[in-house]
2 protein chains.
Amino acid sequence: ISVKDGKGLQELLHELHFADVAEILEELNSDDATYLIKLLESEITSEALMELDDDVREKILSRLSPKEIAEELQEMDTDDAADIVAELDDEIQQEVIEKIEDDLLAADIVELLNYDEDTAGALMAKELVKVKETWTVAGCVREMRRQAKNVTRVHSIYVTDKDGKLKGRLSLKDLLTAPEKAHISEVYIPKVDYVTVNTENEEVARIMHKYDLEAIPVIDEEGVLLGRITIDDIMDFIKDEAEKDYQMAAGISGDVEADDSIWQLTRARLPWLVLGLFGGLGSVYIMQGFEEALTQYPILFFFTPLIAAMAGNVGVQSSAIIVQGLANDNVKGSLFNRLIKEVGLALINGLALGLLVILFGTIVGQDQLVSITIAVSMLSVIIVAALVGTFVPIVLDKRGIDPAIATGPFITTSNDIFGIFLFFWISKIILHF
Amino acid sequence: ISVKDGKGLQELLHELHFADVAEILEELNSDDATYLIKLLESEITSEALMELDDDVREKILSRLSPKEIAEELQEMDTDDAADIVAELDDEIQQEVIEKIEDDLLAADIVELLNYDEDTAGALMAKELVKVKETWTVAGCVREMRRQAKNVTRVHSIYVTDKDGKLKGRLSLKDLLTAPEKAHISEVYIPKVDYVTVNTENEEVARIMHKYDLEAIPVIDEEGVLLGRITIDDIMDFIKDEAEKDYQMAAGISGDVEADDSIWQLTRARLPWLVLGLFGGLGSVYIMQGFEEALTQYPILFFFTPLIAAMAGNVGVQSSAIIVQGLANDNVKGSLFNRLIKEVGLALINGLALGLLVILFGTIVGQDQLVSITIAVSMLSVIIVAALVGTFVPIVLDKRGIDPAIATGPFITTSNDIFGIFLFFWISKIILHF
């Protein structure tokens, strides 16, 4: 199709949903994709642009003039437009904003750009339907029809006083069922959840999820209604967070995808492997310190990978549960109780696994004392690993560091070292080498 | 407060949002919680019940009579009511359904219970606003007011033909702006995304996310409109899936939480540790096979935890990227290309890490040949681990098994064994022991 049959393409793609157009764009090389974007009306392409992968979008935008970008922005919601502008280089940002014909939109974008990236201010859209409490229902419907043109989806109608301060909300349903002459002040719902522009994204997501909200109004410190956040933005945020946590647990930093370039993937993965390498070299150093065991009990060295694996696995399990609990806000009770519980759990698991080790030792005819030594030190290693796995994320969280970093290579590596040291130390005490 | 001051409590809690009531219920013991549920109006408690943790809800429900449960159900949306009934024991299910006064609701619940747990049918609610294409706008508004009473939130109005088959949709906004006398057939939007009752939940989530939908209609095979799925149900589903994947990667099966009992946690965690244990015993066996190296090159045994850690980390990284890519449907290109890319990535990482090992060897004055041996075998181990980490999830996915199971202990354990074997085997070839 890329023999530049502009007309035909235009007709073909006009029928498609923007999300499908986005998929087609991702399959094309940047030249063809840019050609398509220029060809189609910005009404479709602006939505499709938003759906694109960041990397692809960046490439396409770099081939468009500031004027062309400005045209796309005019078709977008303010929050999306602001996101796109934020991705551009500083100089181009200025040019693009100047090229936007709609002064109000330009002002909105500049406002949104000024908020901190992780706050409700940066997440919100300026588009919303708001009415004053003094209006009548009929007047309100008239005004709403006018406002609703700019708002893709009306979730709630927000009610403000004459200074623009948020007073309550009104659903379309209520409006439909209210008598025409009633004043808004008589029919609106004064109870309304809201967040301020400085509320953190995570808190916004928590509130919206807890109260099952589909949109939430955003106000400034004085209570003036500034914008609203809709559930789809929050869903994207939740998905991204979950993926980031998952990657972090697997030792991948940054937000990479299977289709990113080898260099991007290396940058995301190599640092964690280097951390693991240093951990491994640490273990080498520890074992050299117990070298005298080599002659009498070489079997201990065969068991080190097992001990390290157990320490790592238990640590990851404990930390994953805590990290998830912290994210969902359901880690209750004191740190002390939590640790007691983990110790109990580790005891049960450790005893069960220790018995298996002794059983294995008996079957292969291993020295009984060696089997017991291995079982006892494994039990201790499991308890310590569980404690570290529980303690570290909680402490990180209390200090305001994302506890997700504690799952994965970080905890595995430190538990490997701890575990191996503990193993040889306890063995030395029991076996006197 | 639990001195049974019924009136006072009633007034106090009446002011609260149901999500807050739910939080209070979770803090109480089951007796007090049941007391509260009985005390409050089912309008509040039914919503609060839905927000509760499964375990807590189960305990409370077991203390309520079938009649009391039926009363709670009557205040719920059909999808929530069906979920609750599904959680009950079979005999009580029957009794509760018989006690429901609203026959229509009882029939809806029975219908919803019949769908497969993982399909759109089980996820959908029967509540929706539907209008016939032959109606006028004015008639439609009248009818809507009636229907809307049962629907908590009106997302879209669905338009059907006279046989109840889905024809299109209409937004409240469109309805507000349409002339009163127009027929629905002139104003509705004939393009509408939908799913059938047999569509899998994952597919529903994908479609709703891709097209940014807040509700999607569900039809049967003949195209008859049966219900709708709203975004909040999908959000719960996505959150649950992400949490399950995260736990699976950490070696925790089942859906447990930090606050579950020690026994539940043991059941979720111990099996994976046992798997790890068997893996570790496998390594012991392998190393015994290379025992002759003990006298000449004991240093190799100090390096096994490092090799195992590398094999595990790389495997987890590769599999996590693939598992996530598969979930998001963005693993493109052939399996062969994917493997080539992973090998490239592994080569870069492996070479970088190998050089570090040689550097370390030089610093501590280690035998040059031994350092090179370790570096070379580590490079091979990393490549193999990356291949296994990529290959296994893809194969599992092709066979219809959840690839998420491949990340975590499963891949770590098998890569540990592979890695250690490869390490000693390559060392044996180079060092001739």
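Residues numbered from 1 in each chain as written. Chains lettered and ligands numbered in written order. Predicted model: local features only at pLDDT ≥ 70, side-chain atom pairs only at ≥ 80, totals over all residues. Heavy atoms only, no water.

(A) Examining the overall build of chain A more closely. A count of helical and extended segments in chain A gives 21 helices and six strands. In terms of C-alpha radius of gyration, chain A reaches 30 Å, well past the compact-globule figure of 22 Å for 433 residues. Each principal axis of the C-alpha atoms in chain A carries an extent, and together these give about 90 × 60 × 35 Å. The burial tally for chain A puts 56% of its 433 residues in the buried class. Looking at chain A alone, contacts between residues at least 24 apart form 65% of all its contacts between residues at least 6 apart. Distance between charge centroids for chain A: 7 Å, based on 36 positive and 75 negative side chains. (Helix = DSSP H or I, 4+ residues; strand = E, 2+ residues; numbered from the N terminus. Rg over C-alpha atoms; globule rule 2.2 N^0.38 Å. Buried < 20%, exposed > 50% of the residue type's maximum accessible area, 1.4 Å probe, protein only. Contact = heavy atoms within 4.5 Å. Lys, Arg positive; Asp, Glu negative; His and termini not counted. Charge placed at Lys NZ, Arg CZ, Asp CG, Glu CD.)

(B) Here's a closer look at the packing of helix H18 (residues 299-327) of chain A against helix H20 (residues 368-398) of chain A. Residue and element names in this part refer to chain A. Between H18 and H20, whose axes approach to 8 Å, the crossing angle comes to 30°. Taken together, H18 and H20 sit at an angle that is classed as roughly parallel. The way H18 lies across H20 gives a crossing that is right-handed. A per-class count over the contact of H18 with H20 returns 20 nonpolar, five polar and one charged. (Axes fitted to C-alpha atoms, helices over the stretch in contact; angles between N-to-C directions. Parallel < 35°, antiparallel > 145°, perpendicular 65-115°, else oblique. Left-handed = near helix turned anticlockwise from the far one by under 90°. Nonpolar A, V, L, I, M, F, W, Y, C, P; charged D, E, K, R; others polar.)

(C) Highlighting the sheet that holds strand E4 (residues 195-196) of chain A. Residue and element names in this part refer to chain A. Strand order across the open sheet formed by three strands is E4-E5-E6, with mixed pairing between neighbours. Looking at the sheet topology across the chains shown, the edges are occupied by E4 and strand E6 (225-230). In this sheet, E6 lies alongside strand E5 (residues 215-219) in antiparallel orientation, the contact comprising five bridges. Residue pairing across strands places Val 218 opposite Gly 227, the latter belonging to E6. Against the sheet, helix H14 (residues 201-210) makes contact with E4, E5 and E6, and its axis sits at roughly 135° relative to E5, the strand it touches most. (Pairing = 2+ DSSP bridges.)

(D) Representation of the packing of helix H16 (residues 262-289) of chain B against helix H21 (residues 409-431) of chain B in the model. Residues and elements named next belong to chain B. Following both chains from N to C, one finds H16 and H21 inclined at 5°, their axes separated by 9 Å at the closest point. With respect to each other, H16 and H21 are oriented roughly parallel. Contact residues: Trp 272, Leu 275, Gly 276, Gly 279, Ser 283, Ile 286 and Met 287 in H16; Pro 409, Phe 410, Thr 413, Ile 417, Ile 420, Phe 421 and Phe 424 in H21. In terms of residue class, the contact of H16 with H21 is built from ten nonpolar, four polar and no charged.

(E) Structural detail: the domain arrangement of chain A. Segmenting chain A into domains produces domain 1 (6-117), domain 2 (129-231) and domain 3 (262-431). Of note, the centres of domain 2 of chain A and domain 3 of chain A, computed from C-alpha atoms alone, are 52 Å apart. (Domains from an automatic or database assignment.)

(F) Representation of the interface of chain A and chain B. Facing 106 residues of chain A, the contacting portion of chain B comprises 105 residues. A buried area of about 10,200 Å², summed over both sides, lies between chain A and chain B, and 64% of it is on carbon and sulfur atoms. With its nearest N and O atoms 3.4 Å apart, the salt bridge here joins B:Arg269 to A:Glu342. Between chain A and chain B we count 14 residue pairs in polar contact (both at pLDDT 80 or more) in total. A total of 18 residues in the side of chain A that touches chain B trace back to one element, the largest contributor, which is H18(A). (Buried area = accessible area lost by both parts, 1.4 Å probe. Salt bridge = Lys/Arg side-chain N within 4 Å of Asp/Glu carboxyl O. Polar contact = N/O pair within 3.5 Å; in protein donor to acceptor, adjacent residues only side chain to side chain.)

(G) Quick look at the packing of aromatic side chains. Evaluation of the coordinates by the stated rule reveals ten aromatic pairs over all chains. Here the aromatic rings of A:Phe290 and A:Phe424 are separated by 5.4 Å at their centres, their planes lie at 20°, and the arrangement is stacked. Residue A:Phe290 is located in the loop between helix H16 (262-289) and helix H17 (293-296), and its partner A:Phe424 is located in helix H21 (residues 409-431); the two are separated by 134 residues in the primary sequence. Judged by its relative accessible area of 0%, A:Phe424 falls in the buried class. On the basis of an interplanar angle of 55° and a centroid distance of 6.3 Å, the ring pair of B:Phe290 and B:Phe421 is categorised as tilted. In this pair, B:Phe290 sits in the loop between H16 and helix H17 (293-296) while B:Phe421 sits in helix H21, placing the two residues 131 residues apart along the sequence. The exposure class assigned to B:Phe290 is buried, which follows from its relative accessible area of 8%. (Phe/Tyr/Trp six-rings, centres within 6.5 Å; stacked < 30°, edge-to-face > 60°.)

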